[in-house]
Structure formats: C-alpha cells, structure tokens
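If you want the building blocks of each chain, they are given just below.
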Amino acid sequence: MLILSRPPWGAIYHIARKIACKSVKLRCAELTLRRPLMLASQAALRTSVLVMAAAFPHHAAQQKTAHDARRNRPAEAGLTQAGNAVAESQNIVAETAERIFADLADAQTINRDSKAGWKAPLWQALSEAGLPLSWVAEDFGGSGASLAEGFGVLSAAGRFGIAVPLAETMLAGWLLSQAGISSPEGEMTVAPASPKDRIALNPDGSLSGRARGVPFAGDAGHFAVLAHNAGGVSIALVEAAACRIEAGLNLAGDASDSVTFNNARPVALKPAPKGFDQTALMLMGAVARSLQIAGALESMLDISVRYSNERVAFEKKISKFQAVQHNLARLAGETAAAMAAASSAADSIAHANGFDDAVFLEATAAKIRCAEAAEKGAAIAHQVHGAIGYTLEHILHRYTMRALAWRDDFGNESYWAVELGKRIAARGADELWPLVASR
Amino acid sequence: MTAALRFDPIRLPPECETLRREVRDFLAEEIAAGSFDPHSPHGSDSDVPGFSRRVGERGWIGMTWPKKYGGHERSFLERYVVTEEMRVANAPTRRFFVADRQSGPVLLKYAPEHIKMDILPRICRGEVCFSIGMSEPNSGSDLFAAKTKATKTEGGYLINGTKIWTSSAQVANYMLAIFRTSPPTKENRRHGLTQFLVDMKTPGIKVNPIAQLTGKSEFNEVVFQDAFVPDDHLLGEIDGAWKQATSELAYERSGPERFLETYYVLTELVRALGEQPDNRGAEGIGRLVAQLHTMRRMSVSVAGMLHAGKEPVVEASIVKDIGTIWEQQLPQRVRDLAAFVEPDASNHEILDTVLPYAMKVAPKLTIQGGTTEVLRGIIARGLGLR
C-alpha cells in the first residue's frame, strides 16, 4: 500500500472521475499523467477539493477518520513500510479502490450508520471508477483490468471489510467473460456459490435448480450462472427477477441467500470454453475469498496491536504483558500465512493458462490455510480486545465475523481439504514433493 | 490499515529448476550406491564417508560465496533449492550444513583475509565441519548471560569456561563461539561478548558427548581450560558480538530446514493410505499439504527478500515460529491418521520405524536455533509492542 499525501490524491481521484475515460487503465494513465501537474498547481488542487466536497457531503467528516487511520498504521512500529499481496505498490487499480474505501467505507462511520446510507454512495463511486467490472474487457462493457490488478482490489476490500457485492460482481463479470457474454451494469453475483450445488440447463434453454448461500443475491440485478446439461457446461446471464430468492444472512449479517431457478429464462446463454467447469469457478471464488480473509486479518492485527498499546490494565499497557505479546505474535503469524497463501494463489491464477494441478494446489491450499488463519486469528483479536471487542459498537466484528463467514463461500476448508487430499493420494506419495517444489 | 508484513509471491527462477534436476539425479545416484538410506532419518548422518566431499565437488557448498574463496557466486535462491532437495531426501548434510549456512558467512564478513583464504575453500570442498558455541550451562536463550571468559594474553586469548548443547562438536574441526571479554555495562547488558574462531584441536578443549533422548549423542558439553586462541581469530568488534549475532539470523531462521525436518512421515502417510483414501484420511492429507505449501511459499518469499538484499528479520522469525511448530505437530497428525492404515499397506514397517523417531525429534524443533518464545518476542518487537 503506497502512502501518498492525501490532498493531491483525493483531488486527483475526484477529478479523474469527471473525466470520461473508458477503462480503469485509461483512467489510471490519466491519473499518472495528471499527478505532477496537480502537485504543481495549488489552484487546481483547491478547485478539485471543492468539487469533491460538493459531490460527497459527508466526505469531510470521513477524511479525518481516514487520515487518522493512516496516521496510526503500525509503520510507526518500526517494520518496513511495504506493499502487500499482488504487488500492490504497482497496482494503481487497487490504489483507486483503496482510496474509495477510505473515503466512503470507513469502518467507524459504517458501523454507526444503522440505515446503511453509506452503501449507495460507495457503490456509485466504485461503479464510476469501473471497479465492479474490473475483469471484463472493454468490448464486453468492463474496464479491462488484469487479473492481478483485480486481485489487488479484493485484498483491499478485505482490509476494509467491504460489505457490498464488489467481489461478487467482479467474479460474475469474469465468469460471463469466459463465454463471451457482455456484462450489464449494476450489482451481480454468481450461482452456484457452493461446489455441491448444481444448476441444470433444460432442453428448452431454461435453467432449473437451487443454489444456497449465494452472497448478495438479494442485492443483485443479475446472476452469472454456471449450468450443466448432457452436452457439458454453459454460462448464462439471468435477471434476478426471473428467480425466486429466499433471503438469508451470513455470520457477519451480510446477505447470503438461496436462489431457486424454476425454468428460468436466461438473458444470454453460451457454452463454457473447453476445460472450464464448476471446479474452475469454485477455485476462482475460493481465491477471491482467501484474499479477502487475508485482508481482514491484516486489519485485525492492525487494530489489535493499536488497542493493546492504548489499553491499560494492572497499571501498564496490556501490550507490555508477555502473554499478550505472544498472542499478537501468533496473530501476526496467521496473518502472514494467510497473506502468503492467498497472494501466491492469486499470482498462480494470474499467470496460468488453465486450472491444472498446480493451480488446484495453490487455490485450495489458500482457502484451507486462510480459513484456518481466520479461525485462530479472529479468536486472538477478540481475546486481546476483551469485552469491548464483543460489542456491536466496536468495529472489530466487521473483520472477524466477515473473515469467518467468508470461509463458507465457494467450498469451505473441510471440503477442499478432502478434494486436495484425494488428488494428492491419486498422484502418489512420491509425486507430492515434486508438486510442492514446483510452486 | 497495516501493510507492515510482506510476503510477496516470489517464484524461483528457471535456472533453479535445472539445478533441482541435477541435485535429484545426484541424490538418486548416492542412494543407489548405498551412500545413505532416505527412509532412515535415524541413521547416523555425521560420518557418511565421502558424501560431503562429493557435494563439494558438485559446487553445492558455499554456493553464494565469492569464487576467490572457493565459492561459486550463485544465487541465494539456487542454494535454497539444494537445501530443500537434500532435506527432503534425508541426505546426511550435518557435516557441512552449519558451515555452509552460518559459519562461512560470518567468516566472510569478519575474518582476516588469510583465514578466509585458508578455511573457506576447505568448507566448499566439504572437508571441514563447524559447530556453534553459544549456549552455556546457565545461558541458553539468554545468550548475553554467557560467562565463558576470553582473557587477554600475549598474542591472543586464554579461554576458560563451558559451552553446552553444542551440536556436532564431537566431529567439528572448528567452532564459532562467543566469549566474555568484558563485563556487561549498566546501559547495555549485551555488551562485553566477543566472537571467536576456535580450532577444535587446540590443547585445553575437552568435548564430552551428551546422550539425547533419541539415543544419539549429537550434542556435547565443551570444556575450555586455558585454551589459547590467537589474536587473528577474533572476529569483528571486541565486546561487540551482540551487533554481529543478529544480522545473520534471518538466514538461519527462514530456510527449508525449518519446516521439513519431519517431512518424511507425510510421504509415508500418503503412501500408506493408498490412492483412494477415505474422507478422513483425505482431509488430513489435504490440510497438511495446504499448510506445507503455505509454509514453503512463505519461506521462498523470505529467501527472495534476502536475495534482494533486504533484512526481513520479523518475517524470518514468523517462518521459523510457524514452520517449527508445524514440523513438530506433523508426526502427531500422521499418528492420528495412521490409525486407519490397512494392515497390508506396503510401507507399514517403514511408517512404524520413522514415526516414533520423528516423535522423538519433535520436541527439540521449537528449541534449537531460537526458541518459540524468543521468536515471538522478536515478532512482538517488530509489531511495536516492546
């Protein structure tokens, strides 16, 4: 994560929003070009701050919190200041996302907002920046960012505990693109979102079946659906109105719904490319969730360290107790493991031609290890915070409950461990090390 | 938001894969020739005749060192590949590994030129074995409580005191040790220790092997009685060993040997459960492989940072903390799952032999080379807690 002085960056972003560029990449190029200009021109800066304030009335209030959040980074702690998963220091798309999150998805503000008034402005800003369709080529209505750039957005979304269907719309756009189907505007999600659920493609071109635990189905205008018939795998774009949705909630209170397709007519339907199947979709979803979990763990570590340095008990800061230090060191270890596993899996997909055994190992290992880290990490983060961290008022649950909930999407760790174990066993004992060493 | 920890997805470059094939071929030849048994991690590995020399001939000791000292100026990542392939094959590396990993780099940095020219090429040829003299009877993790004294005398120092838990001292040609040259100061309790190179043939040094619970005697008590160490064997700054001891730790703590020590029980478990394990066996294997893969990716990431000239001290400590706990627990998890192995599994006997051995090795893994508690203290300091 690059740390940039706020005024120019905020200003550049908001001015850039006014510029009608087609793609994120183009927009980013614009940002890069404008940066020296902006730094040189104080007048332009001031104007843009005004533009920004008008567009986002409550921005000024949030700016302070975001600024405080940055000021309080454990960079002060003496560790090297560095980027993060998927080489974000080079990832201007992720930086764009990060700035929008900092401006419009500040955890404190969201946590106090019982009416979810933050959601619409956040989604609008993300959409205007082209982020939900990061993985959709410009020709198909998207902004044509690379897989690696999009993965960086997901890490950032995890760090902010983002609860709008950003990851889901990105995945849906990616799935539709596999079959060359254009993406519509607005929120989307994918079905199925669990490896055991199956949607059938009927002879008349309609879809039948039930998908459980579909994240944000109730918020989505469209679903990207992977369906099966005797001929193989197809990908479909379906309007939400064509399906029956039963609302549900995950651990974090985010929508996790059941979607029933009862001879639902797709808006578009095309065969999946050769070799693409439901496992590929599940692995991609699993890696997305792994990055989000790793990001949430980074925030848990961050706020737990900060809290331990503020809270006084037995007449000293609790960070001075060795038992607390060792718990936080373990949390750092789990966070590190999650970051390493998730960023490695993302990197492997970004550079692979298909979903082979190597990608299977990377993606399943990421989901398994990140889920294990979420379990251990969330427990430690809560332990460090004591009772205050158990309140609705405190922001900790925004990260802990979400990290725990994300474990369940696109195959949980038990499911993937069985699948990975079977594949390792089928390859044979002497092929295990060569596979691990090939990564 | 924190972005303080860094674990980038570093991949080993293509030249590493060529090298990996060479190492595997070499090890297969050694095994075929009966040089060592890969299924026998309990076999004595200090005295395999010629193995160290043959590894040296291949250019796999001192790989990263300058050619003028017998090194090969290859990358740190290439060394990583050699280390992990040797470890996974249970190759008998003990005789050269400490010199290759720790002692050689210290000499490169602090020894006078004539000593470097003398000793480093011999390390590279696999001819000399090093031990590390840190712990003392009342100074283990608390390194800076060391009392063994180096007293100035004409032309050098006289050493008096006792080192303990010194691995390989019974076969080592040299020891790199820290001795007390001054008392600690009020301001800095770490002050007053100096690093020395000790020739183990020096009169006045007595090595008493200590039996370990495995039945082997790989560590020792080393008693110094007026043992003379010449002036030019003093390494670095007098009284300033504390500045030197810490910078090498990232190398020592993040390598593949920090999570592969008991790897062989996982291979044997996979073999024993067969090609179609039930769900319980499959889940067990899957989780262990996911954890192993993650450990290795973390370790390679740190290797990449070291390769790039960074000092990822906290990241390296995390790798050793998580890695050693993993390799310590691995035999226990394998034991859980082995309860369901069919009686006619082809490798029942091997599993029955290596598993108990791995369980006996397990307790030391989180103690040697920096205890879990010390590592967590370092991580906590990196987090800004102390």
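Just so it is clear, the structure is predicted and the values come from calculations on it, not from any experiment. (Residues numbered from 1 in each chain as written. Chains lettered and ligands numbered in written order. Predicted model: local features only at pLDDT ≥ 70, side-chain atom pairs only at ≥ 80, totals over all residues.)

(A) The arrangement of the overall build of chain A in detail. When its secondary structure is counted, chain A shows 15 helices and 10 strands. Counting every position in chain A, which comprises 439 residues, the buried fraction comes to 54%. For chain A, the share of sequence-separated contacts (at least 6 apart) that also reach a separation of at least 24 residues comes to 74%. (Helix = DSSP H or I, 4+ residues; strand = E, 2+ residues; numbered from the N terminus. Buried ≥ 20, exposed ≤ 12 C-beta atoms within 10 Å, placed from the backbone. Contact = placed C-beta atoms within 7 Å.)

(B) Broad picture of the overall build of chain B. Secondary structure summary: chain B contains 12 helices and 8 strands in total. Here chain B has a C-alpha radius of gyration of 21 Å; the compact-globule value for 386 residues is 21 Å, and the two agree. Dimensions along the principal axes, computed over C-alpha positions, put chain B at roughly 70 × 55 × 40 Å. Here chain B, with 386 residues, has 51% of them falling under the buried criterion. Long-range pairs, those at least 24 residues apart, make up 74% of the contacts in chain B between residues at least 6 apart in sequence. (Rg over C-alpha atoms; globule rule 2.2 N^0.38 Å.)

(C) Up close: the interface of chain B and chain A. Tallying the contact residues gives 52 residues for chain B and 61 residues for chain A. Broken down by element, the residue count for the side of chain B that touches chain A peaks at 18 residues, all from helix 9 (residues 279-307) of chain B. Across the side of chain B that touches chain A, the residue classes break down as 23 nonpolar, 15 polar and 14 charged. (Nonpolar A, V, L, I, M, F, W, Y, C, P; charged D, E, K, R; others polar.)

(D) Representation of the confidence of the model for chain A. Residues at a pLDDT of 70 or more form 79% of chain A, whose mean pLDDT is 85. Low pLDDT, under 50, characterises residues 1-88 of chain A; the predicted model gives this stretch 132 contacts beyond four residues in sequence or across chains. (pLDDT = per-residue confidence, 0-100.)

(E) Region of the structure containing the domain arrangement of chain B. By domain assignment, chain B separates into domain 1 (14-128), domain 2 (132-240) and domain 3 (249-382). Once you take the C-alpha centre of each, domain 2 of chain B and domain 3 of chain B turn out to be 31 Å apart. (Domains from an automatic or database assignment.)

(F) Highlighting the domain arrangement of chain A. Residue and element names in this part refer to chain A. Domain parsing of chain A yields domain 1 (6-159), domain 2 (169-271) and domain 3 (278-437). Across the boundary between the two partners, domain 1 contributes 18 residues, which contact 21 residues of domain 3. Listing elements by their share of the side of domain 1 that touches domain 3, those giving two or more residues are helix 6 (107-112) and helix 8 (147-159). Per-class residue counts for the side of domain 1 that touches domain 3 are 10 nonpolar, 7 polar and 1 charged.

(G) Seen up close, the packing of helix 14 (residues 413-427) of chain A against helix 9 of chain B. Between helix 14 of chain A and helix 9 of chain B, whose axes approach to 6 Å, the crossing angle comes to 90°. The angle between the axes of helix 14 of chain A and helix 9 of chain B places the two elements in the roughly perpendicular class. Within the contact between the two elements, helix 14 of chain A uses Ser414, Trp416, Ala417, Val418, Glu419, Leu420, Gly421, Lys422, Ile424 and Ala425 of chain A and helix 9 of chain B uses Asn279, Gly281, Ala282, Glu283, Gly284, Ile285, Gly286, Arg287, Val289 and Ala290 of chain B. A class-by-class count of the residues in the contact of helix 14 of chain A with helix 9 of chain B yields 10 nonpolar, 6 polar and 4 charged. (Axes fitted to C-alpha atoms, helices over the stretch in contact; angles between N-to-C directions. Parallel < 35°, antiparallel > 145°, perpendicular 65-115°, else oblique.)

(H) Here's a closer look at helix 11 (residues 348-365) of chain B. Residue and element names in this part refer to chain B. Taking 1.5 Å as the rise per residue, helix 11 with 18 residues should run 26 Å; its terminal C-alpha atoms sit 26 Å apart, in good agreement. The largest bend in helix 11 comes to about 25°, at Met359, with the proline Pro363 one to four residues further on. Listing the buried residues of helix 11 in full gives Leu351, Val354, Leu355, Ala358, Val361 and Leu365. In the core, the buried residues of helix 11 are packed alongside helix 8 (264-273) and helix 10 (313-338). (Expected span 1.5 Å × (residues − 1). Bend = angle between axes of the 7 residues up to and from the residue.)

(I) Molecular detail of the packing of helix 5 (residues 92-104) of chain A against helix 8 of chain A. Residue and element names in this part refer to chain A. At a minimum axis distance of 8 Å, the contact between helix 5 and helix 8 shows a crossing angle of 25°. On the basis of their axis angle, the class for helix 5 and helix 8 is roughly parallel. Here helix 5 runs over helix 8; the crossing is right-handed. Listed contacts from helix 8 to Val93, Ala94, Ala97, Glu98 and Phe101 of helix 5 are Glu149, Gly152, Val153, Ser155, Ala156 and Ala157. When grouped by side-chain class, the residues that make up the contact of helix 5 with helix 8 number 7 nonpolar, 2 polar and 2 charged. (Left-handed = near helix turned anticlockwise from the far one by under 90°.)

(J) Layout of helix 5 of chain A. Here helix 5 of chain A is 13 residues long and its end C-alpha atoms lie 18 Å apart, about the 18 Å a rise of 1.5 Å per residue gives. Burial analysis of helix 5 of chain A places 13 of its 13 residues in the buried class, the great majority of the element.

(K) Inspection of the pairing of strand 4 (residues 222-229) of chain A at higher detail. Residue and element names in this part refer to chain A. Among the 8 residues that make up strand 4, 6 are buried, leaving the element largely enclosed by the rest of the structure. Bridge count for strand 1 (residues 188-191) against strand 4 is 4 bridges, and the pairing is parallel. The residue bridging Ala191 from the neighbouring strand is Val225, located in strand 4. Two elements, strand 4 and strand 5 (residues 232-239), share 8 bridges in a ladder whose sense is antiparallel. What sits directly across from His222, in strand 5, is Glu239. Between the end of strand 4 and the start of strand 5, which pair antiparallel, lie 2 residues. (Pairing = 2+ DSSP bridges.)

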